[in-house]
Amino acid sequence: MATGPMPTVSFSGTGMFSVDLTVSDGLATDMCSAAVTIEDTTPPVVECTVAESELWPPNHDLVDVGLMATATDLCAGTLPGTVEVFGDEDDEMQSGDGNFSPDAKQDPALRLRAERQGNSDGRVYLILATAADPSGNVGHACCTVTVPHSRSAAAIASVQAQAAGASSFCDATAFPDTGA
């Protein structure tokens, strides 16, 4: 049995590599070769946060919500990503005092419309940030912005509960809960 330090092998990147080893114990020398395939199966880590998680007053203004979305991959480093915004109220529906559209613009900051339907329970915007690495692994993160129906504690709690449910569903599935 040979003793001594164990050899270390390091690889950079993914793909198939050939490894040639020579082992000698002082009496005999052996050579062996092996093919090693390195696969990246870890999705990128995506993070999504907003500086403004609640919009008030509902004055129809487009408000910069301070979106920060980042994607980092163990093999590829920082990655570009995409951002999609979904709302639980149709931006083409009357809000009670007019029709303002679109409800989201990214130019370059993400701005969301501070409005909700007057006869509803508040608006939830779901933001889905997604990134894919060169190996095809996809990561995602979800964050929300709300527009409560009113300033009452019950209205704020209701829209926050809706947002928590939407975020949990999105975190688990990478899709918005369309209620279908």
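Now for a description of the structure that goes with this document. Quick caveat, the model's predicted, so the values are computed rather than measured. (Residues numbered from 1 in each chain as written. Predicted model: local features only at pLDDT ≥ 70, side-chain atom pairs only at ≥ 80, totals over all residues. Heavy atoms only, no water.)

## Regarding the sheet that holds strand β10 (residues 123-132)
Then step 1. Strand order across the open sheet formed by three strands is β7-β10-β11, with antiparallel pairing between neighbours. Lying at the two open borders of the sheet, with one neighbouring strand each, are β7 (82-87) and β11 (138-147). Strand-to-strand, the axes of this sheet are offset by a mean angle of 20°, without reference to chain direction.
Then step 2. Note that β10 and β11 share 10 bridges and pair antiparallel. Each residue of the ladder has a partner; that of I127, found in β11, is C143.
Then step 3. Strands in contact with helix α1 (residues 153-173) are β10 and β11; relative to β11, the strand with the most contacts, it is inclined by about 170°. (Pairing = 2+ DSSP bridges. Helix = DSSP H or I, 4+ residues; strand = E, 2+ residues; numbered from the N terminus. Axes fitted to C-alpha atoms, helices over the stretch in contact; angles between N-to-C directions. Contact = heavy atoms within 4.5 Å.)

## Examining the state of the cysteines
Then step 1. Going through the model one piece at a time under the given rule, you end up with two disulfides.
Then step 2. Between the sulfur atoms of C48 and its disulfide mate C143 the distance is 2.0 Å. A residue pair is termed long-range when its members are at least 10 positions apart, and C48 in strand β3 (residues 45-49) and C143 in strand β11 qualify at 95 residues. Neither C48 nor C143 differs from the other in exposure class; each is buried.
Then step 3. Shown here is the disulfide that connects C142 with C170, its sulfur atoms set 2.0 Å apart. The S-S bond linking C142 to C170 shows a torsion near -70°; that makes this disulfide left-handed. Here C142 is found in strand β11, whereas its partner C170 is found in helix α1, with 28 residues between them in sequence. Residue C142 shares its accessibility class with C170, and that shared class is buried. (Disulfide = S-S within 2.5 Å. Buried < 20%, exposed > 50% of the residue type's maximum accessible area, 1.4 Å probe, protein only.)

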